[in-house]
Structure formats: structure tokens, C-alpha cells
Amino acid sequence: MFTQYQLPFSYDALEPHFDALTMETHHSKHHATYTKTLNELAEKAGVLDKDITSLLSNLDSISDPALRTGIKNNGGGFYNHNLFFSVLSPNPTLEPSGKLAEKINETFTSFESFKEKISQLALTQFGSGWAWLSVTKGGDLVLSQSANQDNPISSGTGNTPIFCIDVWEHAYYLKFKNLRAAYIKELFSVVDWNIVAKLYEKGVA
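It should be emphasised that the depicted structure is a prediction, and the values quoted were computed from it without experimental measurement.

Draft legend 1. Quick look at unusual backbone geometry. For the bond running from Glu15 to Pro16, omega is 10°, close enough to zero to count as cis. Its place among the elements puts Pro16 in the segment before helix 1 (20-45). Backbone geometry at Thr109 places phi at a positive 75°, although glycine is not the residue there. Relative to the helices and strands, Thr109 is located in the loop between helix 4 (98-108) and helix 5 (111-124). Even without a glycine there, the phi angle at Asn148 is positive, about 55°. With respect to the helices and strands, the residue Asn148 is situated in the loop between strand 2 (141-147) and strand 3 (160-166). On the basis of relative accessible area, Asn148 is assigned to the partly exposed category, the value being 43%.

Draft legend 2. Structural detail: the side chain of Asp192. Counting through the fold element by element, Asp192 comes out in the loop between helix 7 (180-187) and helix 8 (193-204). Lys198 is the oppositely charged side chain nearest to the buried, salt-bridge-free Asp192, at an N-O distance of 7.6 Å. When neighbours within four sequence positions are excluded, Asp192 is seen to be in contact with Val87, Ser89, Asn91, Pro92 and Thr93.

Draft legend 3. Focus on the packing of aromatic side chains. For the coordinates displayed, the defined rule picks out 14 aromatic pairs. Summarising the aromatic geometry, the rings of Phe114 and Trp193 are spaced 5.7 Å apart at their centres and angled 85° between planes, so their arrangement reads as edge-to-face. Of this pair, Phe114 sits in helix 5 while Trp193 sits in helix 8, placing them 79 residues apart in sequence. On the basis of relative accessible area, Phe114 is assigned to the buried category, the value being 0%. The interplanar angle of 50° and the centroid separation of 6.4 Å between the aromatic rings of Tyr172 and Tyr173 together place this pair among those described as tilted. One aromatic cluster is present, formed by Phe108, Phe111, Phe114, Phe163, Phe188 and Trp193 through successive ring pairs. Sitting over the face of the ring of Phe188, Lys115 holds its NZ or CZ atom 5.5 Å from the ring centroid.

How each quantity is defined
Residues numbered from 1 in each chain as written. Predicted model: local features only at pLDDT ≥ 70, side-chain atom pairs only at ≥ 80, totals over all residues. Heavy atoms only, no water. Helix = DSSP H or I, 4+ residues; strand = E, 2+ residues; numbered from the N terminus. Buried < 20%, exposed > 50% of the residue type's maximum accessible area, 1.4 Å probe, protein only. Lys, Arg positive; Asp, Glu negative; His and termini not counted. Salt bridge = Lys/Arg side-chain N within 4 Å of Asp/Glu carboxyl O. Contact = heavy atoms within 4.5 Å. Phe/Tyr/Trp six-rings, centres within 6.5 Å; stacked < 30°, edge-to-face > 60°. Lys NZ or Arg CZ within 6 Å of the ring centre and 35° of its normal.

Next up, the structure:
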């Protein structure tokens, strides 16, 4: 059984950066639907006992094309949103420290440069999709973008995502309308980089 990430704060806790209606709709409607549908499809495919990373890494093992596509899409939506919501906080640490900070500076020259690069990927993703910060098996940091509910796992990169930016319109349109850049900028006001740092350390362990 796949369990939806539950927010440790109320839907209005991220205001004025993110409005309560967007958070409630995004989490209790969109994310909940991905989770429900994934569980239904996984049960039909006989893979309900798999963890989500293993499932998305081995989609070819699902012989039925319709089930495989459905699990890729809804499993991606489940995984992506679990990560997205888990790094948000009403009391965020706005910059990384420790090993993650060192790696970001080594890879992107500075945290500000990193934010510019991933923001550009999020801004230029055509249509719905995501921008990603992932860690490779060798411990390097890489940036990427993906369409729809694809992610570095289902795409077969072998990389582990540790931070993402959701650029589906349901993530921001009620508040920001078509101003995707404004939403991306505001997102960095509610990211807890201590959480991302823990995901990085787990990814390189």
C-alpha cells in the first residue's frame, strides 16, 4: 500500500507565499488522486508490495501496457508530490549548510547560481512538468527537467531526486495565474534546506 505524505502543518501555514486554497487543492485533491489511483493499479498489476522507487525503476516488469503506463504516470505523481511537499515548511531553513552546501558550491559555484539554474529549468519546461536536483550514485549533483509526472527514477537515470519544483499549473495558477517565474521565486521562501540536506546525505550513504 502506498501512503500519501501528510503535511505536518495546516494548509494556510505557508501564506502569504502559497495560499491555503492552492495547498488544499494540490494536496487533498491532486496528490490524493494520484495516490488512490496508484494503489488501485498496483493491486491489479500485483505489485502493491513494492516500494515506489523499485516500482518506478522496473516499469518494464509490468507486462500489461495500460497498467504500465498508468503506474508510470500515477506512481510518478505520487513520488514527485511526496518529495515536493516533504521539503516545504512554514519555518524553513532558507540556505543549505554542511556537506550539501559544500557540494552545491563545488558543482554550481554558489547557492544563488544553483537557484538560477534550476529556476531556469523550471521556467523553460514546456507545459506541465518538473525541475530536479538529484544525486548520482557517485555522489555528484545534477540538474534536470521532465515532462508530466516523469522523474529521474522512471526515466532510468539511476539518480536519486532530493529536491524538485512542480510546474504543473495546479501548483500555482490560483495565486500566480500565468506568472510561473513569480511562483518559482516564491517557492524558495518556504523550502527547508535542512530536509534536503538529509535527503542528500541519505543519497550518498
